[in-house]
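# Reading the structure
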There are 2 protein chains.
Amino acid sequence: MTATVLVPLLGIAGLAMAFWMYRLVLRYPGGEGKMAEIAEEIHTGAMVFMRREYSILAIFATVVTVLLIIGFQSWHTPLAFVVGALASGTAGYIGMYTATRANVRTTEAARTLGAAPALSVAFFGGSIMGLTIAAMGLLGLGSLYLLFGSDPAHAEAIHGFGMGASSVALFSRVGGGIFTKSADVGADLVGKVEAGIPEDDPRNPGVIADNVGDNVGDVAGMGSDIFESYCGSMIATIAIATTLTAGAIAVMGPREQLMFLPLALASAGLICSIVGIGIVHFFSANAPARALRSGTIGATLIFMLAAFAVITALGINWAVWVCVAIGASAGIIIGLVTEYYTGGKPVRHIAEGGETGPATVMIRGLAVGMESVVLPVLSIVAVIFFASLLMPEGAGVYGVGIAAVGMLSTVGMTMAIDAYGPVADNAGGIAEMAGLGDDVREITDGLDAVGNTTAAIGKGFAIGAAGLAALAIIAAYIQSVARHVEGFDLTMNDPLVLMGMFLGGIFPFLVSSICMRAVGDAAYEMINEIRRQFKEIPGLMEGTGKPDNARCVDIATKAALRRMVLPGVLAVGSPVVVGFGLGAAALGGMLGGALISCVLLALMMANAGGAWDNAKKYVEEGHLGGKGSDTHKAAVVGDTVGDPFKDTAGPSMNILINVMAIVSLVIAPLLTH
Amino acid sequence: MTATVLVPLLGIAGLAMAFWMYRLVLRYPGGEGKMAEIAEEIHTGAMVFMRREYSILAIFATVVTVLLIIGFQSWHTPLAFVVGALASGTAGYIGMYTATRANVRTTEAARTLGAAPALSVAFFGGSIMGLTIAAMGLLGLGSLYLLFGSDPAHAEAIHGFGMGASSVALFSRVGGGIFTKSADVGADLVGKVEAGIPEDDPRNPGVIADNVGDNVGDVAGMGSDIFESYCGSMIATIAIATTLTAGAIAVMGPREQLMFLPLALASAGLICSIVGIGIVHFFSANAPARALRSGTIGATLIFMLAAFAVITALGINWAVWVCVAIGASAGIIIGLVTEYYTGGKPVRHIAEGGETGPATVMIRGLAVGMESVVLPVLSIVAVIFFASLLMPEGAGVYGVGIAAVGMLSTVGMTMAIDAYGPVADNAGGIAEMAGLGDDVREITDGLDAVGNTTAAIGKGFAIGAAGLAALAIIAAYIQSVARHVEGFDLTMNDPLVLMGMFLGGIFPFLVSSICMRAVGDAAYEMINEIRRQFKEIPGLMEGTGKPDNARCVDIATKAALRRMVLPGVLAVGSPVVVGFGLGAAALGGMLGGALISCVLLALMMANAGGAWDNAKKYVEEGHLGGKGSDTHKAAVVGDTVGDPFKDTAGPSMNILINVMAIVSLVIAPLLTH
């Protein structure tokens, strides 16, 4: 019980730490003149979007809360739902608020203080998001565990927290993804391809929207994504622990400790993340890539030791620790595979395809994306295999859940690196738009390049972790139903299960389609608006006219908010409709089909998009004719298609399956009444 | 027993009918001069490819036969395998031989006799393939049923026939698909886009290869595809009938008749197909679209009546007939949905995207493809739902199998229309290359346009039927294992099943990737070769030099043969490795995962490809700037990417899942020893 109280307290400490870092960032000068003006424009655009997004989310959350109150006839699950939604929303808000303060300070640091301080500011900017995510999880989930955890009648209410976090995440990811990519595609196509002006050129009316989008999509969207996997994996593992058989308990350790373990690991992970952040700061005078890598590896290694200590201290079998290690290894392998497919030979192959035009770039990129699913999925299969081997009969899913928790425990560190990317990217954009010197741009470019690599790896890692988390949630769902319905299992020969599997397979394709189409349509609108401004605003191209940036931000905002609703409602609503309409077996089948379909599509889209992105960069580095050549134009087409793949539709998949799974877990007790 | 003998006899009669039609086609004049020369070049190219492909297949079949003899320690299954492979190979050979005789006769008929006789020749050319497919199925499967069907010890050997047919189909489909699209993409990109010469221009060295490809891919490949679904659905339904419970039998009818029903329906279907072919011939003086539609609808309606008569005559419950009707309805719905996505509003939306460049075309096309999976999969779900509702408890899969058999029974007619397409396409190509007048081209263009629409619908129909067939085979696999292992079922909570599901999900992506990459690489080689010829052969562009067509045919042939091996080995080998390595439960899970993944990818790729194709045609009709505009160039990129999607990777998916399922069914008895 004492240890249980420590979890939310550690969460509060983590928030305090994040606030301290924010003060640290604010101590750096924020620049002045044009620079400050641009930064303010980005900050305002991001905050306006956030507020409008959250007002829609508030309506959604209210409706769901009322439905939950009606469904459960009690306040426990609805309360947990609201807390989860608020925790996710607050973390996103804080992360984005501070990221849009850190970006211009990074530019100013690069201008006046040099590379090392610039890295520090950018990384602190990302770290605030990382720490907030980790701390919010511990605070929210830890408090609810303290409240409901020991009361069997209400233990299941905790699942509501995951549902709140996941729903907010889906809206943020989809909305943010549509915003960022419609702005990016629109600005690039008219600016770079048609007008022939460089990226982030202040004459381009879409550039501010593009920079706002980086924050909206890659900070707030990514943060809510990781947050929901992080909480989902913990919730599922706790739920699985409650249903372990007496035989399994005898081998593995006391049930109460097995239930508490996910929170304990996450607590250790938060401390290790803070150490990791310290390591990066310490090495900031070195090359940025090396500093970030030292921090990540350092945090992971210390966490492995800490996890062993925690597991031993709780009196749990060391085999459970091996599951943590397997999870971490799988995460690293998936990351390395992602790095290969989005940076190795396949990328050059795609770029060379550009010599025969954009069609070959597309065909090769799609082929690379499809091939890239193989090894990551084999890694997931290996985790399932070893977890079942190591754990007693029937307890394999606990091992899978713990592996996911292990991968996500150092979320403070991994998210810090993820959020560092867009801060560095923004810093470069501000430098370009404010017309600062080449030396400043060189520093920010260096920071940005590192961010791109780590972002790709982080994305692979996120998909792997989300897949395992979803698997654990689905297992928890099956066990939750089985607790109420004797002999319940999901046999594939059952036509209901089979129908569910087909239904589940559809949703990822449908949601991807909605996302892609939203970006396509919004970009189309954006392109026409930017073309109009170039034509109608006198002197815009010559640099004497002023672009109407706000109009472009508004187009992206409206498109994002309008288009994020349907995927969110589909994801939350489909398990309810299938569960109550066709029953718990069909719903279970649906989760199985959706899991396969989501993981495969997520990997394919993320890696194809990453590979196209880097194929374009490879050409821009001067290969195969370099910038402006026909090969470059072909590569730009690939990159543009890859944008909604990797940053809108792809990342939505992780959350989609988790939302579907957690909603099912929440409504499981109602299905069996 | 008497009725059983009729099945192979009817098969022989069908072959005789096909031979008679061949004589009919040969009676039409074959043209002379340049026309005959070009036709001979296409015929030779196709036959050389076929012979080289079949020598590789012979090696593969020999190895598999030896392995089957070792595994089964008996000659029954190996014999059935060889018969299945030979039946598929023979049907493909006959179909392609005659199609490459009918093409030039269609051109000549259009030139000298007019539109109606041209339609007749082209359609007879396709009908030979249709009848051969149907007849070979009845002859081969009917004979084996006569031999083994009544002997419980060897009844399972019949499954070998399906394995033979499916393996040949996969190689033919993948090899043919790679051939046709590498030639098509190569010829189009250099000819139409770079050199600015029309399609099928004789100066283009890739054009003969392109026309050979139409036969290799769309006649032989498509034929073997439909053949394997046709046989697979019958085999699975027979197998399911043997395991029906006594309770189900009491409601549904005598087991012997339920086993015989698939063959009886297919026999009735062959006769109805011949009637349908007659209807088309009768209406050939009308517009081609109307003639073809009258034939299809006529054949289907007569078949529905015949099916009712057969089911009543066999003393089977009329509810089984409702399953046939549901299958047919689902087929029609899937066809209509396909027509909408590849011809309706989505196509115009994609074309309009071309105004902002190729990237928007790509994004919108991918979105359309992803969305298009929803309704067809819902139709499959509806078939499962109603079949389970109509059949007694546990016999739902028999209803699903019968629905698939019902969809495929009029294969003679549907395949005739499918194979008519490439004959008409070739006829147009020959007219263009031989420099015949606009009036000839107008007739062949009319025939070709109808072919394109029917091909798209046929593709959707084929995917639906293949999906249901695979489902039935998987059900038969589960029951076959359950017969040997008491209490065997596939529960999704079982880690082995879950691992299998993930593994199964991978293969469709991997095989698609191999197909896409093969086309991308071969097209790249082809493009460079065509560019080289345009540069190095003096007077080629002016029409005084002669292109080296054979060199291009050779490039496509080599690429196709080299690249078809891996997918084939993967498909046949993976169930064996997983089945013997991880056991029957993991293999069952793998089939489930592969089924979902295959059906979704197949629909997405087929429909995205079809939509891009028609978006390009929409622009070429003069919309949005018409031919030569930037919008057109953007649309051509979409069409080019769509080519391997819809004609190489997409269609391979149907067969892939069927190969995996039927191999599993064949090895099921070995897994449980």
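Computed from a predicted structure; not experimentally measured.

Throughout the structure, instances matching the rule amount to 46 salt bridges over all chains. A salt bridge links Arg101(A) to Glu40(A); its shortest N-O distance comes to 3.5 Å. In this pair, Arg101(A) is assigned in helix α3 (residues 76–112) and Glu40(A) in helix α2 (residues 34–72), connecting sequence segments 61 residues apart. Judged by relative accessible area, Glu40(A) falls into the partly exposed class, the value being 38%. Lys646(B) is paired through a salt bridge with Asp647(B); the nearest N and O atoms lie 3.2 Å apart. In this structure Asp647(B) comes out as buried when scored by relative accessible area, which is 8%. Each of Lys181(A), Asp184(A), Asp613(A), Lys617(A), Asp643(A), Lys646(A) and Asp647(A) takes part in one network of salt bridges that share partners.

Okay, the interface of chain A and chain B next. Between chain A and chain B, the residue contacts involve 68 residues of the former and 68 residues of the latter. Buried area between chain A and chain B, both sides added, is near 6,400 Å², and the carbon and sulfur share of it is 81%. Summed over the shared surface of chain A and chain B, the result is 4 salt bridges. We note a salt bridge from Arg517(B) to Glu371(A), for which the minimum N-O separation is 3.0 Å. At the junction of chain A and chain B, the tally comes to 12 residue pairs in polar contact (both at pLDDT 80 or more). For the side of chain A that touches chain B, the elements supplying multiple residues, two or more each, are α11 (345–353), α12 (358–371), α13 (374–390), α16 (438–484), α17 (495–536), α19 (584–620) and α20 (630–671) of chain A.

Phi is positive for Gln73(A), close to 55°, though the residue is something other than glycine. In this fold, Gln73(A) is placed in the loop between α2 and α3.

What follows concerns the packing of helix α8 (residues 255–282) of chain A against helix α15 (residues 411–433) of chain A. Residue and element names in this part refer to chain A. Between α8 and α15, whose axes approach to 7 Å, the crossing angle comes to 40°. With respect to α15, the element α8 is oriented oblique. In this structure, α8 contributes Ser 273, Gly 276, Ile 277 and Val 280 to the contact, and α15 contributes Val 411, Gly 412 and Met 413. A breakdown of the residues in the contact of α8 with α15 according to their chemical character gives 4 nonpolar, 3 polar and no charged.

Residue and element names in this part refer to chain B. Counted according to the given criterion, the structure contains 0 disulfides over all chains. The thiol of Cys 515 is not disulfide-bonded; the next cysteine sulfur, from Cys 598, is found 11 Å away. Overall, the relative accessible area of 0% leaves Cys 515 in the buried class.

Our focus in this paragraph is the packing of aromatic side chains. One pass over the structure, following the stated rule, counts 30 aromatic pairs over all chains. Where Tyr340(B) meets Tyr341(B), the ring centres are 5.0 Å apart and the plane angle is 75°; that geometry is what we call edge-to-face. You can call Tyr341(B) buried: its relative accessible area is 6%. These aromatic residues form a ring-pair network of at least three members: Phe19(A), Tyr22(A), Tyr54(A), Tyr93(A) and Tyr97(A). If you follow Arg364(A) out to its NZ or CZ, it ends over the ring of Tyr524(B), 4.7 Å from the centre.

Residues and elements named next belong to chain A. Under the UniProt annotation, the feature "site: Determinant of potassium dependence" (unreviewed entry) is placed at Ala 455. Mapped onto the elements, Ala 455 comes out in helix α16. Its relative accessible area of 26% is what places Ala 455 among the partly exposed residues.

Attention now moves to the environment of Ser513(B). Along the chain, the position of Ser513(B) falls in helix α17 (residues 495–536). Excluding anything up to four places from it in sequence, Ser513(B) contacts Ala367(A), Met370(A) and Glu371(A).

In this section: helix α18 (residues 549–582) of chain A. All names here are of chain A. The first and last C-alpha atoms of α18 sit 50 Å apart over 34 residues, in line with the 50 Å expected at 1.5 Å per residue. Gly 573 marks the point of greatest bend in α18, at about 35°, and the proline Pro 575 comes within the next four residues. Of the residues flanking the end of α18, it is Gly 583, one or two places downstream, whose phi is positive at about 105°.

Glancing now at the relation of the copies chain A and chain B. Between the two chain copies there is a screw-like relation: a rotation about an axis and a shift along it. With an RMSD of 0.0 Å, the operation that places chain A on chain B is a rotation of 180° combined with a shift of 0.0 Å along the axis. Classification of the inter-copy transformation places it as that of a two-fold axis. In terms of C-alpha distance to the rotation axis, chain A has Thr491(A) as its closest residue, with the C-alpha 2.1 Å off the axis. Mapped onto chain B, 100% of the interface residues of chain A again fall at the interface, so both copies present the same surface.

Cut-off values and rules
Residues numbered from 1 in each chain as written. Chains lettered and ligands numbered in written order. Predicted model: local features only at pLDDT ≥ 70, side-chain atom pairs only at ≥ 80, totals over all residues. Heavy atoms only, no water. Salt bridge = Lys/Arg side-chain N within 4 Å of Asp/Glu carboxyl O. Helix = DSSP H or I, 4+ residues; strand = E, 2+ residues; numbered from the N terminus. Buried < 20%, exposed > 50% of the residue type's maximum accessible area, 1.4 Å probe, protein only. Contact = heavy atoms within 4.5 Å. Buried area = accessible area lost by both parts, 1.4 Å probe. Polar contact = N/O pair within 3.5 Å; in protein donor to acceptor, adjacent residues only side chain to side chain. Axes fitted to C-alpha atoms, helices over the stretch in contact; angles between N-to-C directions. Parallel < 35°, antiparallel > 145°, perpendicular 65-115°, else oblique. Nonpolar A, V, L, I, M, F, W, Y, C, P; charged D, E, K, R; others polar. Disulfide = S-S within 2.5 Å. Phe/Tyr/Trp six-rings, centres within 6.5 Å; stacked < 30°, edge-to-face > 60°. Lys NZ or Arg CZ within 6 Å of the ring centre and 35° of its normal. UniProt positions renumbered as here; feature names shortened; annotations may be inferred. Expected span 1.5 Å × (residues − 1). Bend = angle between axes of the 7 residues up to and from the residue. Least-squares fit on C-alpha atoms with pLDDT ≥ 70 in both.

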